[in-house]
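Chain by chain, the residues:
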Amino acid sequence: MTTSVERPRPAGAAPAVTAFTARERWVLLVASAWLVIGLQLDAYAHATTPELETFWTPWHGVLYSGIAASGFTLLWIMRSRLPVIPTYRTLIALPNALRLPLLGMAALLVGGGMDTLWHNIFGIEKNLEIFVSPSHELIILGMVLVAMGPALMTATVPGRTLSFGGAWLVGISALFAVLPLHIYSLHATALGFRHLGSGVAVPNVFSTDGQLVHGYLFSTVLLLVPLLMIGRRWPLPIGLPTALVSIPALLMHLMFDSEAPWWPQLTVAIAAPVVELVLRLANRLVSLPVNGRWVALGLIAPPAVWGAVLIVGQIQTGSVGWNIHMVSGLLTLTALTGAATVLVTRSVQFLQPE
């Protein structure tokens, strides 16, 4: 998602294309939900049925029918915005809110076609192979771009406030856009299988502990960016930050590690609304510039959420597996990573024409 979907048109420019209707946005949301839910089902099937060795599964059926539904929906949305005989120039003139999902659909079609051929030639990917396979990379990219379409289309509506329905639409669109990324980054995320250190007194540089540290940092970025991008366009609706943190955490555990204890993901899901409430109250009590409030979010929220996980882990297991140097350094790194993510994301502007 972005702050402003379209640049202001200079005087004398071609007239703007037809505005997106609420019906178009909601239909695309349903189609993209179909698409992303297909991915969740397929990921769950592969996680719980390791011997799955065929492309022709019901889960792939949901996934690929979701691709078809999204494609036909985008064609339906395009129909009133293109001449009878489209040209390259008329396609390029489409608004970014439509061009980005169309680019995503192109990636889905290429990745989907490659995936069938890839499985038939090289077999079914397993473990880390799933997250590196070229066809899967294109499919994930396509899903993200298509799923963010409804929010991008909503961003073309003038004004800085969201209606109740608009807030729901943007929130669900953002959720379906980030879920594929959380699944894709399962091998390097703190929302995955392991949250605590290995218990080695002096962790090696190249070790499970080192991977865990990077998992906390990567998850910090991945959880913050959707909130920052939405917040550049509208005030964040109450509860949206909680949903975009809690729901992926719970779904990741349900899909990939449901037989393990739930306390890490439940801690994240409970810490998120507590941190949101505290920060919203602090915003009312402390006067800071807008950028200052966002930087405070980046500095405070990550170590608060991950610190809660480590505290509950200490209570549940008797040890987090790390000494004071690792724990304090990790939480400091998450705070610095959060602040840096805020500064970079809020500094991104439109590229100026050459």
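As a reminder, the structure under discussion sits directly above these lines.
My aim in this report is to walk through the structure given alongside it, one point at a time.

1. Here's the deal with the packing of helix H8 (residues 164-184) against helix H10 (residues 240-256)
One way to put it is that H8 packs onto H10 with a least axis distance of 10 Å and a crossing angle of 40°. When the interaxial angle is binned, H8 and H10 end up oblique. The way H8 lies across H10 gives a crossing that is right-handed. Only Leu240, Leu244, Ile247, Pro248, Leu251, Met252, Met255 and Phe256 of H10 make contact with H8, whose side of the interface consists of Gly171, Ala174, Leu175, Leu179, His182 and Ile183. Of the residues that constitute the contact of H8 with H10, the class distribution is 12 nonpolar, 2 polar and no charged.

2. So, the environment of histidine 136
Note on placement: histidine 136 falls in helix H6 (residues 134-147). Linking histidine 136 and glutamate 125, residues 11 residues apart in sequence, is a C-alpha distance of 9.8 Å.

3. Structural notes on the packing of aromatic side chains
All chains considered together, the criterion is met by 5 aromatic pairs. Look at tyrosine 216 and tryptophan 306: their rings are 5.2 Å apart centre to centre, the planes differ by 90°, and that puts the pair in the edge-to-face class. You can see tyrosine 216 sitting in helix H9 (residues 208-233) and its partner tryptophan 306 sitting in helix H12 (residues 290-317), a full 90 residues away along the chain. Pair check on accessibility: tyrosine 216 and tryptophan 306 agree, each one buried. Among the aromatic residues, ring-to-ring pairing joins Tyr216, Trp306 and Trp322 into one connected group.

4. Considerations on the layout of surface pockets
The gaps of empty space that remain are located by a probe, the size of a water molecule, rolled over the atoms. Roughly 760 Å³ of internal volume is contained in the largest pocket. Taken together, 34 residues line the largest pocket, and the ones lying closest to its centre are Leu236, Leu279, Asn283, Trp294 and Leu297. Elements supplying a minimum of two residues to the lining of the largest pocket: H9, H10, helix H11 (263-285) and H12. Among the elements that line the lining of the largest pocket, the one with the most residues is H12, at 10 residues. Here the residues of the lining of the largest pocket sort into 23 nonpolar, 5 polar and 6 charged. Its boundaries defined by the atoms lining it, the second largest pocket holds a volume of some 650 Å³. Considering the residues around the second largest pocket, the lining is formed by 29 residues, among which Ala43, His46, Asn127, Ile130 and Phe131 are closest to the centre. Within the residue set of the lining of the second largest pocket, elements represented by two or more residues are helix H1 (22-48), helix H2 (58-78), helix H4 (96-122), helix H5 (129-132), H6 and H8.

5. Quick notes on H10
Between its terminal C-alpha atoms H10 stretches 24 Å, which fits the 24 Å expected from 17 residues at 1.5 Å a residue. Of all 17 residues that make up H10, 12 are buried, and the element is covered over most of its length. Within the span of H10, buried status applies to Leu240, Pro241, Thr242, Leu244, Val245, Ser246, Pro248, Ala249, Met252, His253, Met255 and Phe256. Among the structural elements, H1, H8, H9 and H11 are those in contact with the buried residues of H10.

6. Thoughts on the environment of valine 62
You can see valine 62 is positioned in helix H2. For valine 62 and valine 36, which are 26 residues apart along the polypeptide, the C-alpha to C-alpha distance reads 9.4 Å. Ignoring sequence-local partners within four residues, the contact set of valine 62 consists of Trp34, Gly38 and Leu41.

What counts, and where the lines are drawn
- Residues numbered from 1 in each chain as written.
- Predicted model: local features only at pLDDT ≥ 70, side-chain atom pairs only at ≥ 80, totals over all residues.
- Heavy atoms only, no water.
- Axes fitted to C-alpha atoms, helices over the stretch in contact; angles between N-to-C directions.
- Helix = DSSP H or I, 4+ residues; strand = E, 2+ residues; numbered from the N terminus.
- Parallel < 35°, antiparallel > 145°, perpendicular 65-115°, else oblique.
- Left-handed = near helix turned anticlockwise from the far one by under 90°.
- Contact = heavy atoms within 4.5 Å.
- Nonpolar A, V, L, I, M, F, W, Y, C, P; charged D, E, K, R; others polar.
- Phe/Tyr/Trp six-rings, centres within 6.5 Å; stacked < 30°, edge-to-face > 60°.
- Buried < 20%, exposed > 50% of the residue type's maximum accessible area, 1.4 Å probe, protein only.
- 1 Å grid on protein atoms, 1.4 Å probe; cavity = no way out; pocket = protein on both sides within 12 Å on 5 of 7 lines; lining within 4 Å.
- Points joined across faces, edges and corners; volume = space filled by probe spheres on them.
- Expected span 1.5 Å × (residues − 1).

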